[in-house]
Amino acid sequence: MQSWTSLSVPNYKVKVDSKVRIWDTEAQAIAEVTETEIKLYVCGITPYDATHMGHAATYITFDLLQRLLMIQGRNVSYVQNITDVDDPLLERAIRDNLDWRDLATKEIELFKDDMSALRVLPPQHYIGAVEAIPLVIKAIEKLIDKGAVYKIDHDLYFDISSDLNFGDRSHLSIDQMIEIFAQRGGDPTLVGKRNKLDCLLWRAHREGEPSWDSPFGAGRPGWHIECTAIALEYLGSSITIQGGGSDLIFPHHEMCAAQGEVMNNATFAQYFMHTGMIGYQGEKMSKSKGNLVFVSRLREAGIDAMAIRLALLANHYRSDREWDDALLQDATDRLAKWRKGFAKPEGPEIEATISNVVDALNNDLDTTKALAHIDSWAEKAIADSNSEKNSKLSNTGTLARFVDSVLGIAI
Ligand code: ZN
């Protein structure tokens, strides 16, 4: 699938010791990302509704990580999927009397427009579940060869006991896993399962559902194997960072990693990185609760997408946090302040500011501190009545290029 339009971003490079540290969910500790070739896989949306603030916060976080690695000379290969066939999409299409393909196409286009407006760099490979079906079939065949697959009627299930490390990435008790599995689309009580947590690999054709031919009969892929198959096809047998919202830790990322490790006998991902949930009016923003704030609606209402991005960067990516009008207003005011400061032909010295911002971001993406350093530079620039006298030396332009390169904020 075509990724969204590439953005023109200044090729800014900083001369610093590159010490990017992130919180690794599997290790439950801060880890230093030492690799120079970064293989980043971030789980994409199921396109049955528009992009809400929770999605935007996640993709902006991984965009920030990618930019931070790039300005420090690392090479990032970024792959994202899009689950363009799955139960929620089919259910919404039936509810709204739409063809599921038309619904997916419409929402994918809207998502791409939102990402471009938010200055999220497009992944090198943006892969849909439908186009990945041959990869899924190949992955399931590999799991069959390892003896990790069994049938219930005509559906295929992954036997989690084939992964000796099952559970290591999510740190939950068996009871917690079963409870969350049931809440997030799993079927722990299904008769015929070897283990309650075994997950669906291939759903045999049902009346009224789309299906594709396969050596195991007509059907469609399960969600977890879709991401395993795409990640391993486009990034090799082991990836550097598996990312997504914290609601994907279990079962999705546990299952993806378990399947990948059984397939290849190799570590699926070096690090697992997860973003906090965005709440609205006291509850987690989610489609099922219907309490959504959409990026596209705010943009239609004339809100600057850079203010939306700044609002989502204002607090730490791992914290569960609220979206509200005050957050957006603060970000709008901050953007105006930055633009006023950057409009000066020359501002205060920038080297310490750049170094402080990089240090803050290297420390598990501490955006709160990073933005405060730009605030203080902009405030000094606005207050400095001498800053317009020497217009030959424009350090302001250099700092603006840095801000665009790493924070993704076009001044
Ligand atoms: Zn995924």
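Residues numbered from 1 in each chain as written. Predicted model: local features only at pLDDT ≥ 70, side-chain atom pairs only at ≥ 80, totals over all residues. Heavy atoms only, no water.

A closer look at the pairing of strand E11 (residues 269-275)
Argument step 1. A large share of E11 lies buried, amounting to six of its seven residues.
Argument step 2. In the sheet, strand E10 (residues 239-245) pairs with E11 via six bridges, with the strands oriented parallel. Residue Gly243 lies in a different strand from E11, and its bridge partner there is Met273.
Argument step 3. The handedness of the E10 to E11 crossover, carried by helix H7 (residues 249-264), is right-handed. (Buried < 20%, exposed > 50% of the residue type's maximum accessible area, 1.4 Å probe, protein only. Helix = DSSP H or I, 4+ residues; strand = E, 2+ residues; numbered from the N terminus. Pairing = 2+ DSSP bridges. Right-handed = clockwise from strand over helix to strand, strands pointing away.)

Side note on the packing of aromatic side chains
Argument step 1. Counting across every chain of the model gives 10 aromatic pairs.
Argument step 2. Judged by centre distance (4.8 Å) and plane angle (40°), the ring pair of Phe342 and Trp377 falls under tilted. On the criterion of sequence distance, the pair formed by Phe342 in helix H10 (residues 325-342) and Trp377 in helix H12 (residues 367-383) is long-range, its members being 35 residues apart.
Argument step 3. Looking at Phe342, the relative accessible area reads 9%, which means it is buried.
Argument step 4. Relative accessible area serves as the criterion here: at 2%, Trp377 is assigned to the buried category.
Argument step 5. What links up through ring pairs into an aromatic cluster is the set Trp4, Tyr59, Phe111 and Tyr126. (Phe/Tyr/Trp six-rings, centres within 6.5 Å; stacked < 30°, edge-to-face > 60°.)

Examining the sheet that holds strand E5 (residues 125-128)
Argument step 1. One open sheet accounts for five strands, arranged E5-E4-E3-E10-E11; its pairing is parallel. One side of each edge strand has no neighbouring strand; the edge strands of this open sheet are E5 and E11. When strand polarity is set aside, the average angle formed by the axes of neighbouring strands in this sheet is 20°.
Argument step 2. Across six bridges, strand E3 (residues 37-42) lies against strand E4 (residues 75-82) in parallel orientation. Its bridge partner being in E4, Tyr41 is matched across the sheet by Val79. (Axes fitted to C-alpha atoms, helices over the stretch in contact; angles between N-to-C directions.)

Quick notes on the coordination of the zinc ion
Argument step 1. With distances of 2.0 to 2.1 Å, the protein atoms coordinating the zinc ion are Cys43 (SG), Cys227 (SG) and His252 (NE2).
Argument step 2. Summarised as a motif, the one-chain spacing of the donors to the zinc ion is C-x183-C-x24-H. Note that Cys43 is positioned in the loop between E3 and helix H1 (53-71) and His252 in helix H7, a separation of 209 residues in sequence. The pair Cys43 / His252 is uniform in exposure class, with both members buried. (Donors = N, O, S within 2.8 Å, 3.2 Å for Na, K, Ca; no water.)

A few points about the sheet that holds strand E7 (residues 155-158)
Argument step 1. The four strands lie next to each other as E6-E7-E8-E9, forming an open sheet whose pairing is antiparallel. Looking at strand neighbours, the two that pair on one side only are strand E6 (149-152) and strand E9 (219-221), the edges of this open sheet. Ignoring strand direction, the axes of neighbouring strands in this sheet form an average angle of 30°.
Argument step 2. When E6 meets E7, the two strands line up antiparallel, connected through four bridges. Each bridged residue has a counterpart across the sheet, and for Val149 the counterpart in E7 is Phe158.

Quick look at a negative patch on the surface
Argument step 1. Taken together, the side chains of Glu322, Asp324, Asp325, Asp330 and Asp333 make up a negatively charged region of the molecular surface.
Argument step 2. No other element matches the three residues that H10 contributes to the negative patch. (Patch = residues over 30% accessible without salt bridge, like charges linked within 9 Å, V, L, I, M, F, W, Y side chains within 5 Å. Areas by Shrake-Rupley, 256 points an atom, 1.4 Å probe, with all protein chains shown as cover. Salt bridge = Lys/Arg side-chain N within 4 Å of Asp/Glu carboxyl O. Lys, Arg positive; Asp, Glu negative; His and termini not counted. Charge placed at Lys NZ, Arg CZ, Asp CG, Glu CD.)

Points about the side chain of Glu209
Argument step 1. Here Glu209 shows up in the loop between strand E8 (199-204) and E9.
Argument step 2. At 2.7 Å, the side chain of Glu209 forms a polar contact with the side chain of Arg203.
Argument step 3. Only 2.9 Å separates the side chain of Glu209 from the side chain of Arg220, close enough to count as a polar contact.
Argument step 4. Once residues lying within four places of it in the same chain are set aside, the contact partners of Glu209 are Arg203 and Arg220. (Polar contact = N/O pair within 3.5 Å; in protein donor to acceptor, adjacent residues only side chain to side chain. Contact = heavy atoms within 4.5 Å.)

Things to note about the state of the cysteines
Argument step 1. What the rule picks out here adds up to zero disulfides.
Argument step 2. No disulfide involves Cys256; its sulfur sits 4.9 Å from the nearest other cysteine sulfur, which is in Cys227.
Argument step 3. Its relative accessible area of 0% is what places Cys256 among the buried residues. (Disulfide = S-S within 2.5 Å.)

Section: empty space enclosed by the protein
Argument step 1. Taken as a whole and assessed by the stated rule, the structure comprises one cavity of 30 Å³ or more.
Argument step 2. Taken as a whole, the largest cavity spans an internal volume of roughly 60 Å³.
Argument step 3. Together, Ala57, Thr61, Leu64, Leu312, Leu313, Asn315, His316, Tyr317, Arg321, Leu365 and Thr367 line the largest cavity.
Argument step 4. Looking at the lining of the largest cavity, the elements with two or more residues in it are H1 and helix H9 (305-313).
Argument step 5. No other element matches the three residues that H1 contributes to the lining of the largest cavity. (1 Å grid on protein atoms, 1.4 Å probe; cavity = no way out; pocket = protein on both sides within 12 Å on 5 of 7 lines; lining within 4 Å. Points joined across faces, edges and corners; volume = space filled by probe spheres on them.)

Notes on the packing of H12 against helix H13 (residues 395-407)
Argument step 1. Relative to each other, H12 and H13 sit at 160°, their axes nearing to 13 Å. Considering their axes alone, H12 and H13 lie roughly antiparallel with respect to each other. As H12 runs across H13, the sense of the crossing is left-handed. Touching Leu371, Ile374 and Trp377 of H12 are Thr396, Leu399, Val403 and Leu407, all from H13. (Parallel < 35°, antiparallel > 145°, perpendicular 65-115°, else oblique. Left-handed = near helix turned anticlockwise from the far one by under 90°.)

Focus on the environment of Ser3
Argument step 1. By secondary structure assignment, the location of Ser3 is in the segment before strand E1 (21-24).
Argument step 2. With 124 residues separating them in the primary sequence, Ser3 and Ile127 have C-alpha atoms 8.4 Å apart.
Argument step 3. When residues no more than four places from it in sequence are discounted, the contact partners of Ser3 are Lys112, Pro122, Pro123 and Tyr126.

So, the pattern of salt bridges
Argument step 1. Counted under the stated rule, the structure contains 25 salt bridges.
Argument step 2. Across the salt bridge formed by Arg309 and Asp63, the nearest N and O atoms sit 2.8 Å from each other. Of this pair, Arg309 sits in helix H9 while Asp63 is found in helix H1, placing the two residues 246 residues apart along the sequence.
Argument step 3. Several salt bridges share partner residues, and in doing so they unite Asp87, Arg203, Glu209 and Arg220 into one network.

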